[in-house]
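One-letter residues, chain by chain:
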Amino acid sequence: MNYSVLDDQTLIRLVARAHADALGVLYERYSRLVFSLAWNLVGDQATAEEITLDVFTRIWEKAETYRPEQAKVSTWLTSIARYRSIDMLRRRGSRPEQHSVDWAELAPDDLPSSDGPEEAAELAMQQQRVRAAIAALPSDQKQVLALAYFKGYSHREIAQVLNQPLGTVKTRIRLGMQKLRDLLLEEQRVA
Amino acid sequence: MATQPHVIELLPAYTLDCLDEEEFVLASEHLAACPDCRTELRAYQAVADQLALAVPDAQPPAHLKRQLMARLQPTRPAASTPARLSWWQQLAALMQRTTPVWGLIGLVLIVALAASNLWLWQQVSRSQDVSRPEQMPTILLTGTEAAPQATGLLIVSIDGQHGTLVVDRLPTLDPEREYQLWLVKDGQRTSGGVFSVSRDGYGSVWVKSPQPLSSYTSFGITIEPAGGSPGPTGEKVLGTSL
């Protein structure tokens, strides 16, 4: 059976019935996304590999709990990856200060391949939309959002790291997220 | 209907988990009572969910998939492949083939165990130096309004590094949610473990913390999405202050 033509939800149903090949296809489809997220959050290769393995192992063990009405499979995977990564950082009791964080540059020519089923094409398009929206933010808003998202810093911690007033940081985060929301909603309407 | 002022300005940061503690509590309490703010929250959550798509690309090494598949195969054979006997099934089969021998060995073991248990019981009764559980610090957790019948006991090891949490009479959760223990110090919450409870509300978890458990000032248990959260997001069901 050629699992690679199946959509994500069908693959998850097969994973719930212990079809390892179905998980293999999900891994091919999303491992780069999960690994990229983990690597950018924790800042080292070995830990990012371990988190990636944990995420897909969890999918294997908990596939029957997936509810498509609540989130896409890709969102489910990245949520687990981010929680695991931030939990790992907090358990370490320190964060990789030396590891600089930033959003991906918008490079349309370098987008992931959109070959394959609908989900893969949609993911590539969605990546392009989100990267374009972030690229449209002022740099100070991008910076505070990166520190909150990649490092799990609180408002207060971001203010300390940037040596900026707390109120300024709160405003930048709020304005940045509001603008992203508007841009992404607008993109969805256009699409 | 919510009577407090709306918390819409806090929601962008709420979805990124970057609110400070007081604001987080304020927003959580308001959200529980305000459908309008919950609708706003979902919109911002959709944005936060998409941020993962904007991280710089990195390629996982090729060997990682092999490692993953090697992890899976022994734990759950594919439904379409013939089931391979697990070690205990093979042991059971071996025992069936050698029943007379194992019967004799089993009888000898039972007698030996009974004798050793009797001896140990006598030793414990006589000894004044046996380690007693009460020597370990214990911390009582009491149920909140969300789970008033629930109780919890955190037993801390002598060196304060590890502990075991035992809970009773907590509501059973659906598979998408689990309980999460939080270790609190200086307003910071660190996960102490994620666990579920049995149908009768009983559960236990080994608590591992980055710092000695004795250094934390309070403990709490909340309901979180399965697998746990980076910070408490759900309803608190058990808690205490040292």
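A brief look at the structure comes next. (Residues numbered from 1 in each chain as written. Chains lettered and ligands numbered in written order. Predicted model: local features only at pLDDT ≥ 70, side-chain atom pairs only at ≥ 80, totals over all residues. Heavy atoms only, no water.)

1. Comments concerning the overall build of chain B
Then, number 1: Within chain B one finds six helices and eight strands.
Then, number 2: Tracing chain B from N to C terminus, the helices and strands come up as α-α-α-α-α-α-β-β-β-β-β-β-β-β.
Then, number 3: Evaluated residue by residue, chain B yields a buried proportion of 37% over its 242 residues.
Then, number 4: Total accessible area on chain B is roughly 14200 Å²; 60% of this is exposed by carbon and sulfur atoms. (Helix = DSSP H or I, 4+ residues; strand = E, 2+ residues; numbered from the N terminus. Buried < 20%, exposed > 50% of the residue type's maximum accessible area, 1.4 Å probe, protein only. Areas by Shrake-Rupley, 256 points an atom, 1.4 Å probe, with all protein chains shown as cover.)

2. Here we look at the overall build of chain A
Then, number 1: For chain A, the count of helices and strands is eight helices and zero strands.
Then, number 2: What you see in chain A, going N to C, is helices and strands ordered as α-α-α-α-α-α-α-α.
Then, number 3: Every one of the 191 residues in chain A was classed for burial, and the buried ones make up 52%.
Then, number 4: For chain A, long-range pairs separated by at least 24 residues make up 62% of all intrachain contacts whose partners lie at least 6 apart in sequence. (Contact = heavy atoms within 4.5 Å.)

3. Let's talk about the nonpolar core
Then, number 1: Ranked by internal contacts, the top residues of the largest apolar core, which has 87 residues, are Trp103(A), Tyr149(A), Ile158(A), Ile173(A), Leu180(A) and Leu16(B).
Then, number 2: For this core, the leading source of residues is helix H2 (residues 20-42) of chain A, giving 14 residues.
Then, number 3: Membership of the second largest hydrophobic core comes to 24 residues, among which are Leu154(B), Val156(B), Tyr179(B) and Leu213(B). (Core = buried A, V, L, I, M, F, W, Y, C linked by side-chain atoms within 4.5 Å.)

4. Considering the pairing of strand E5 (residues 188-195) of chain B
All names here are of chain B.
Then, number 1: In this sheet, E5 lies alongside strand E4 (residues 177-185) in antiparallel orientation, the contact comprising seven bridges. Within E5, the residue paired with lysine 185 across the bridge is glutamine 188.
Then, number 2: Once E4 ends, the chain turns through two residues before running back antiparallel as E5, passing aspartate 186 with a positive phi of about 50°. (Pairing = 2+ DSSP bridges.)

5. Focus on empty space enclosed by the protein
Then, number 1: Summed over the entire model, instances satisfying the criterion amount to one cavity of 30 Å³ or more.
Then, number 2: Taken together, Leu33(A), Ser74(A), Thr75(A), Thr78(A), Leu123(A), Gln126(A), Asp49(B), Gln50(B) and Leu53(B) make up the full set of residues lining the largest cavity.
Then, number 3: Breaking the lining of the largest cavity down by element, the ones donating at least two residues are helix H4 (73-92) and helix H5 (118-135) of chain A together with helix H3 (35-50) of chain B.
Then, number 4: Examining the composition of the lining of the largest cavity, we find that three residues originate from one element, H4(A), more than from any other.
Then, number 5: In terms of residue class, the lining of the largest cavity is made up of three nonpolar, five polar and one charged. (1 Å grid on protein atoms, 1.4 Å probe; cavity = no way out; pocket = protein on both sides within 12 Å on 5 of 7 lines; lining within 4 Å. Points joined across faces, edges and corners; volume = space filled by probe spheres on them. Nonpolar A, V, L, I, M, F, W, Y, C, P; charged D, E, K, R; others polar.)

6. Thoughts on the pattern of salt bridges
Residue and element names in this part refer to chain A.
Then, number 1: Tallying each qualifying case throughout the model produces 16 salt bridges over all chains.
Then, number 2: Aspartate 8 serves as the salt-bridge partner of arginine 29, at 2.6 Å between the closest nitrogen and oxygen. On the criterion of sequence distance, the pair formed by arginine 29 in helix H2 and aspartate 8 in helix H1 (residues 8-16) is long-range, its members being 21 residues apart. Summarising the burial analysis for this pair, arginine 29 and aspartate 8 share the class buried. (Salt bridge = Lys/Arg side-chain N within 4 Å of Asp/Glu carboxyl O.)

7. Concerning the pairing of strand E2 (residues 151-156) of chain B
Residues and elements named next belong to chain B.
Then, number 1: Alternating residues of E2 divide into Gly152, Leu154 and Val156, all buried, and Thr151, Leu153 and Ile155, none buried.
Then, number 2: Pairing of strand E1 (residues 138-143) with E2, which is carried by five bridges, proceeds in the antiparallel orientation. Following the sheet pairing, threonine 142 is matched in E2 by threonine 151.
Then, number 3: Of the strand pairs in this sheet, E2 and strand E3 (residues 162-168) are connected by six bridges, and their pairing is antiparallel. Bridge pairing in E3 places valine 156 opposite glycine 163.

Everything listed here is a matter of geometry and, on its own, says nothing about what the molecule does.
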